[in-house]
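Descriptive analysis of the structure
Listed below, chain by chain, are the residues.
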Amino acid sequence: MRRFRAGNVLAALVVVAGMTAVPAAAPAVAAAPRTLRVYNNNIENLVRNNSDGTCTRISGPDHLTSMLVDDAGRPGTADVQAPDLLIVQQVRGTGQATAYADQLSAKFGFPAGTYRAIVAWDDPEPWGGTHKCSDQSLGDLKKKQTNGLIYNTRTLSLAAGDVSRYWSAGWLKPGTAYADGAGCTLYKPPNSDDGATYQYKWKRTSAIAARFTIRDGGTTVFAATMHLPEENRQNACAGDGDKGIGGTGIHLGADATSLLNASTIRIVGIDANRTGIPAGVLSGYGMSGYGTAATSGSSKIDYLFVRGTVQPSSVGHTVAGTKSNHKALYGFVSY
């Protein structure tokens, strides 16, 4: 039998005591999901048409307060958080988009330039007459129209090569036979509106897209804004002889498609001027539609499509009190 000296026994006890004093490792805790806050709205140049033929000018801060919501879908509460991305249709150009972006920065106490704007046309030419405003000065504010993306530089970065060229919508020019899409053309010269008054109307439907990178983690985000012509309601057109994806008038430009294919989260916001577009129409790109309620009067013509994990919404992703002729749509995307 092996015998231990007293010193050896004491040393062994010290080692055992030290071992029992080491705390067990804490279990790993999963990182809390982060949220990308996205909105889509046709802001109507911040001039709302009323049913009696008058128009009302809306300030940028008032429009933002009416549109931005908290996690419960409520606007105007202390729990509303700064958005990451606004997809907008019908802004006058870079000037109005930048002013609106700076008003958004100020709303959350950020310096001017925190939110930046990308537009399809910097300063589009005016078109049209009264724009259904009895006060011509308000109608004049709706004569320049383009589409844009407004992004939060605190959360999203943008490389110079990650903005697409604009691409044109399709349409059926008045007086042309539809012929199951055979009469469709791109909505741009030489197949745009006749006459000087509407010469530049086609520019309101030019689309643009960009690929952003989330600063916290590096996830890539594709976003596109589109505004399809009124003619799309009755006759879906996306280009020459083309009815668009699923016969809806929707299509993506070539370099926009390249940016989309290189992105993890994908978002498309559209004023499609068309009802009945199914939520799964862009499923080929991995996207689903969110929001089923009417967005313009009694019709749903505005759509938000997302590839990503979109948080549930108690208001159906639709902001009823938006100060525009179009109700905003939103999606809070976990990543």
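Since the model is a prediction, treat every value here as computed from it, not as a measurement. Residues take numbers from 1 onward in each chain, read along the sequence in its written order. It should be noted that, the model being predicted, local features are given only for residues of pLDDT at least 70 and side-chain atom pairs only at 80 or more, the latter also being counted only at that level, while totals for whole chains, interfaces and linings use all residues. Computation of side-chain values covers all heavy atoms of the structure but excludes hydrogens and water.

A run of DSSP states H or I qualifies as a helix once it reaches four residues; a run of E qualifies as a strand once it reaches two. Both are numbered from the N-terminal end. Counting secondary structure elements, the protein contains five helices and 17 strands. The C-alpha radius of gyration computed for the protein amounts to 26 Å, which surpasses the reference 20 Å derived for 335 residues by more than 25%, pointing to a less compact arrangement than a globule. Counting only C-alpha atoms, the protein reaches 110 × 40 × 35 Å along its principal axes. The cut-offs for exposure are 20% and 50% of the maximum accessible area for each residue type, with area from a 1.4 Å probe on protein chains only; residues under the lower value are buried, those over the upper are exposed, and the others partly exposed. Counting across all 335 residues of the protein, residues that qualify as buried make up 48%. Any two residues having at least one pair of non-hydrogen atoms within 4.5 Å are treated as being in contact. Nonlocal contacts in the protein, meaning residues at least 24 apart in sequence, comprise 71% of its contacts between residues at least 6 apart. Computed with a 1.4 Å probe, the accessible areas rest on the Shrake-Rupley method; for each residue, only the protein chains presented here act as cover. Looking at the protein as shown, the accessible area adds up to about 15200 Å², and 53% of this sits on carbon and sulfur atoms. Put simply, the radius of gyration uses C-alpha atoms, and a globule should come to 2.2 Å times the residue count raised to 0.38.

Another aspect to go through is the state of the cysteines. Cysteine sulfur pairs qualify as disulfides if the two atoms are within 2.5 Å. The final tally for this structure, using the stated rule, is two disulfides. Two residues share a disulfide in this structure: Cys184 and Cys237, whose sulfurs sit 2.0 Å from each other. Since a negative S-S torsion denotes a left-handed disulfide, the Cys184-Cys237 link at about -70° is left-handed. Taken as a pair, Cys184 in the loop between strand S8 (170-171) and strand S9 (185-186) and Cys237 in the loop between strand S11 (220-227) and helix H5 (254-261) lie far apart in primary sequence, 53 residues in all. According to the relative accessible area criterion, Cys184 is buried, its value standing at 2%. For Cys237, a relative accessible area of 1% gives the class buried. In the protein, the bonded cysteines, taken in the order they occur along the sequence, pair up as 1-2, 3-4.

Right, let's talk about the packing of aromatic side chains for a bit. Two rings belonging to Phe, Tyr or Trp (six-membered ring only in the last case) form a pair when the distance between their centres is within 6.5 Å. Interplanar angles under 30 degrees mark stacking, angles over 60 mark edge-to-face geometry, and anything in between is tilted. Inspection of every chain in the model, using the stated rule, returns 11 aromatic pairs. Through successive ring pairs, a cluster of aromatic residues spans Tyr39, Tyr330 and Phe332. Its end group placed over the ring of Trp121, Lys203 keeps NZ or CZ at 3.8 Å from the ring centre. Between the NZ or CZ atom of Lys300 and the centre of the ring of Tyr303, over which it lies, the distance is 4.7 Å. In this scheme, the term charge over a ring applies when either NZ of a lysine or CZ of an arginine sits within 6 Å of the ring centre and within 35 degrees of the ring normal.

Counting buried positions over the seven residues of strand S4 (residues 85-91) gives seven, a clear majority of the element. For two strands to pair, DSSP has to find at least two bridges joining them. Bridge count for strand S1 (residues 35-42) against S4 is five bridges, and the pairing is parallel. Bridge pairing in S4 places Asn40 opposite Ile87. Taken together, the six bridges between S4 and strand S6 (residues 146-152) define a ladder with antiparallel strand orientation. The partner of Val91 across the bridge, within S6, is Thr146.

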